[in-house]
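Chain and residue survey
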Amino acid sequence: MTKKYDEKTLKKIAEIDLLQFIKYYKINNEQNNLIEFKNHLFLYDIFNDWSPNQVFLKAAQLGMSTLMILKTLWAAKNKNIEIIYTLPTHTDAADFSSSKVNRIINANPILKDWASSRDTIFQKQIGGNIIYYRGTFVEKAAVMITADLLVVDELDRSDQSTVETYESRLQHSQYKWKWYLSNPSFTGTGISKMFENSNQNHWMIKCNKCNKEDFLSYPESIEESSTGNVFICKLCKQVMTDENRRIGRWVSKYPDRNISGYWMNLMIAPWISADEIVKAKKEKSEQFFLNFVMGQPFTGADATVAPDIIYKNCNTNLTNNFSKVVIGVDVGKTCHYVVGNSQGVFLYGKTEDPEHDLSALLNRFHGSIMVIDRGPDIFLPQKLKEVYKGRVFLCSFNRDKQSQNIFHWKKGDDYGSVSADRNRAIQLLIDELTDSRIILQGRWQDYQDFYSHFKSMYRTSENDAYGNPQIVWQHSGPDHWCLALCYWRIGMDKYGNSGEAQVFTSTPNFYTYSTSADAPIIETMRRLKRGTLTNADWRNF
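Residues numbered from 1 in each chain as written. Predicted model: local features only at pLDDT ≥ 70, side-chain atom pairs only at ≥ 80, totals over all residues. Heavy atoms only, no water.

This next bit is on the overall build of the protein. Helix and strand content of the protein: 19 helices and 23 strands. Here the protein holds 541 residues, and 52% of them are scored as buried. Here the contacts in the protein between residues at least 6 apart in sequence split such that 68% fall between residues at least 24 apart. Accessible surface, the protein as shown: approximately 25600 Å² in total, 48% of it carbon and sulfur. (Helix = DSSP H or I, 4+ residues; strand = E, 2+ residues; numbered from the N terminus. Buried < 20%, exposed > 50% of the residue type's maximum accessible area, 1.4 Å probe, protein only. Contact = heavy atoms within 4.5 Å. Areas by Shrake-Rupley, 256 points an atom, 1.4 Å probe, with all protein chains shown as cover.)

Below, the structure written as structure tokens:
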């Protein structure tokens, strides 16, 4: 017999139970339709999952955005927590807030009561707490706020380094909750990599005939025929009805793991037919089908950077005249650099004392030029540019729609700056490495750390504002030496083979270094590659 509660008790339960809250207040979605679980039973347990660490490897259009909006609004009010909710870009965050969050709030009187009248598109005050909606391609926005819960929506389309910065904003919270959801992109990256480390919940369907449970997958779970396609049991081939798919349950593959992960493909949605799955398979690209229909990562031979692409460029001949040297620098908390000339890259490294060590490089290699990331710290690049006039060039990534040129060197008053089309520049770099046109001086073992910043890179395609497909290079981990090599390649475009940097004044020597002969450089290279070079050695080589 079901126990009946009075209104006061039900209202109290709604403050501690989200599912009861949805039922008691008859919560609507952004289309003003009642939230229901008859066809969304796979969302029921997820609404009730308050694990600190959650990962959702998902297909498109399964209701997860609506779920996350309601969970975060309810948690801000009833769990008394501050929340950062990120989407890939600033525009994405604005559209999400205005077209989904605001509409859900306006469709439910209780949520309107919670929300402050002074809210903006990018933040909502719910009770005494705030939900911040932010993009990931502006790192400055990440360092300004703190929170208890970070929700990263569309992780694989987000800027990974900024996501890491947002993660650091949880350090002083007693909760430190992190929830990630995304359509996947490539195997071993982003949400796919996170899901591999989770408990890997699968939506298990029970067959009426053999009484066994299994999850749905393509093509094993579909029987195709000219008269119609049907879902079947993978074990006994019995036809699976929409009701079978509707009343499944989540089962963990690794129940002892503390990350709560869910794999959600469109086959678990009872409103999606087998015909629609087969049609998508036939009409869409393989990557689209896997990422957005099956919620699975794509493995493409040309979409990632294989180890051989880097290692086959290694050459153990260390002969180098060290003339017309170009230095590429990626700026961050730790600066990463690449040093080389037309004879090849002969040095790479990193420093946490960039003003000192980058000056050392410029002093050691007379007449060298440096192409350095303009941001996120503009102070260091600008200072080096002023001190080493005509030798340091600040690089910014942007796409020049009016030009087919990948690089654009500024002139006149803007001399000392260069812009580049990021994705085309990286593609050029990968193409030249693939064709063995960039020599890496040393053994392949010497470049294992270097390659670790390439293996996180993966290529995808997105449509521009006019619907034209564009190559986009993204990363799921550190990419600093990849970008440093890209800046080096930009410098080589202008100064690597002919011409010299335009030095306006003599270069001041901030520090004293031994520059008597090239032999110490060769030994430095060898010691660097053997791992026996210390900071003291490097700063006085």
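On we go from here.
The next subject is the packing of aromatic side chains. Under the defined criterion, the tally for this structure stands at 38 aromatic pairs. Ring geometry for Tyr218 and Phe289: centres 5.3 Å apart, planes at 70°, overall edge-to-face. With a gap of 71 residues between them, Tyr218 in the loop between β8 (213-215) and β9 (222-223) and Phe289 in helix α11 (residues 286-293) connect regions that are remote in the sequence. Between Trp250 and Tyr262 the ring centres are 5.0 Å apart and the planes differ by 85°, which places this aromatic pair in the edge-to-face class. Taken together, the residues Trp250 in strand β11 (residues 249-252) and Tyr262 in strand β12 (residues 260-264) connect sequence positions twelve residues apart. Judged on exposure class, the residue Trp250 and its partner Tyr262 are both buried. Taken together, the ring pairs in this structure connect Phe42, Phe56, Trp203, Trp250, Tyr262 and Trp271 into an aromatic cluster. Over the aromatic face of Trp50 sits the side chain of Lys71, whose NZ or CZ is 4.7 Å from the ring centroid. Sitting above the plane of the Phe215 ring, Lys234 keeps its charged end 3.9 Å from the centroid. (Phe/Tyr/Trp six-rings, centres within 6.5 Å; stacked < 30°, edge-to-face > 60°. Lys NZ or Arg CZ within 6 Å of the ring centre and 35° of its normal.)

Relative to the elements of secondary structure, Asp373 occurs in strand β17 (residues 369-373). You can call Asp373 buried: its relative accessible area is 12%. Between the C-alpha atom of Asp373 and that of Ala484, which follows or precedes it by 111 residues, the distance is 8.3 Å. Looking at Asp373, its side chain comes within polar contact range of the side chain of Tyr487, at 3.4 Å. (Polar contact = N/O pair within 3.5 Å; in protein donor to acceptor, adjacent residues only side chain to side chain.)

Moving on, we come to the environment of Cys210. Here Cys210 shows up in the loop between β7 (201-206) and β8. With 27 residues separating them along the chain, Cys210 and Lys237 place their C-alpha atoms 9.4 Å apart. Setting aside its immediate chain neighbours within four residues, Cys210 contacts Cys233, Leu235 and Cys236.

Counted by the stated rule, this structure contains 13 salt bridges. Residue Arg245 is joined to Asp242 by a salt bridge in which the shortest nitrogen-to-oxygen separation is 2.9 Å. In this pair, Arg245 and Asp242 are both assigned in helix α9 (residues 242-246), three residues apart and thus about one turn of the helix distant. Owing to a relative accessible area of 0%, Arg245 belongs among the buried residues under this scheme. Take Asp242: its relative accessible area is 44%, and that puts it in the partly exposed class. Across the pair Glu355 and Lys383 runs a salt bridge whose closest N-O atoms are separated by 2.7 Å. With Glu355 in helix α13 (residues 354-364) and Lys383 in helix α14 (residues 379-387), this pair connects stretches of sequence that are 28 residues apart. Under the relative-accessibility criterion, Lys383 is labelled partly exposed at 33%. (Salt bridge = Lys/Arg side-chain N within 4 Å of Asp/Glu carboxyl O.)

A separate point is the nonpolar core. Grouped together as the largest cluster of nonpolar side chains are 87 residues, with contacts concentrated most on Phe21, Met264 and Ile277. The dominant element in this core, judged by the number of residues it contributes, is helix α4 (residues 64-78), at nine residues. For Ile277, the residues in contact, after removing those within four places along its chain, are Tyr218, Ile222, Phe231, Leu266, Met267, Ile272, Phe289 and Val293. Counting 43 residues, the second-largest nonpolar core is a separate cluster that includes Val345, Tyr415, Leu433 and Trp481. (Core = buried A, V, L, I, M, F, W, Y, C linked by side-chain atoms within 4.5 Å.)

A negative phi holds for most residues other than glycine; trans holds for most peptide bonds. Omega for the bond connecting Tyr218 with Pro219 falls within 30 degrees of zero, at 10°, which places this linkage in the cis form. Examined against the element boundaries, Pro219 turns out to sit in the loop between β8 and β9. Although it is not a glycine, Asn80 sits at a positive phi angle of roughly 60°. The exposure class of Asn80 is exposed, given its relative accessible area of 53%. One non-glycine residue, Glu154, adopts positive backbone phi at about 60°. Secondary-structure assignment places Glu154 in the loop between β5 (149-153) and α7 (160-168). For Glu154, a relative accessible area of 17% gives the class buried.

Most of β17 sits inside the fold, with five of its five residues counted as buried. Judged from the four bridges that link them, strand β14 (residues 326-330) and β17 form a sheet pairing that is parallel. Residue pairing in the sheet places Gly328 in a bridge with Val371 of β17. As paired elements, β17 and strand β18 (residues 392-397) share four bridges and run parallel to each other. (Pairing = 2+ DSSP bridges.)

Here the protein averages 86 in pLDDT, while 87% of its residues score no lower than 70. Ignoring residues within four places in sequence, the model shows residues 528-541, a span with pLDDT below 50, making 33 contacts including any to other chains. (pLDDT = per-residue confidence, 0-100.)

Turning to helix α5 (residues 90-106), a few remarks are in order. Every α-helix winds through 3.6 residues per turn, so residues three or four apart in the chain are directed the same way. Taking 1.5 Å of rise per residue, 17 residues should cover 24 Å, and α5 covers 23 Å from first to last C-alpha, within 8% of that figure. At Ser97, α5 shows its maximal bend, which comes to roughly 35°. What α5 keeps buried is the set Ala93, Ala94, Phe96, Ser97, Val101, Ile104 and Ile105. Next to the buried residues of α5 lie α4, β2 (83-87), α6 (109-114), β3 (123-126), β4 (129-135) and β5. (Expected span 1.5 Å × (residues − 1). Bend = angle between axes of the 7 residues up to and from the residue.)

Below, the discussion takes up α4. Given a rise of 1.5 Å per residue, 15 residues ought to cover 21 Å, and the 21 Å separating the end C-alpha atoms of α4 matches this to within 8%. Immediately beyond the C-terminal end of α4, within one or two residues, lies Asn80, with a positive phi of roughly 60°.

What follows covers the environment of Asn32. The topology assignment puts Asn32 in the loop between α2 (18-24) and α3 (44-47). Along the chain, Asn32 and Ala107 lie 75 residues apart, while their C-alpha atoms are 5.8 Å from each other. Within the structure, Asn32 has its side chain in polar contact with the side chain of Asn28 (distance 3.5 Å).

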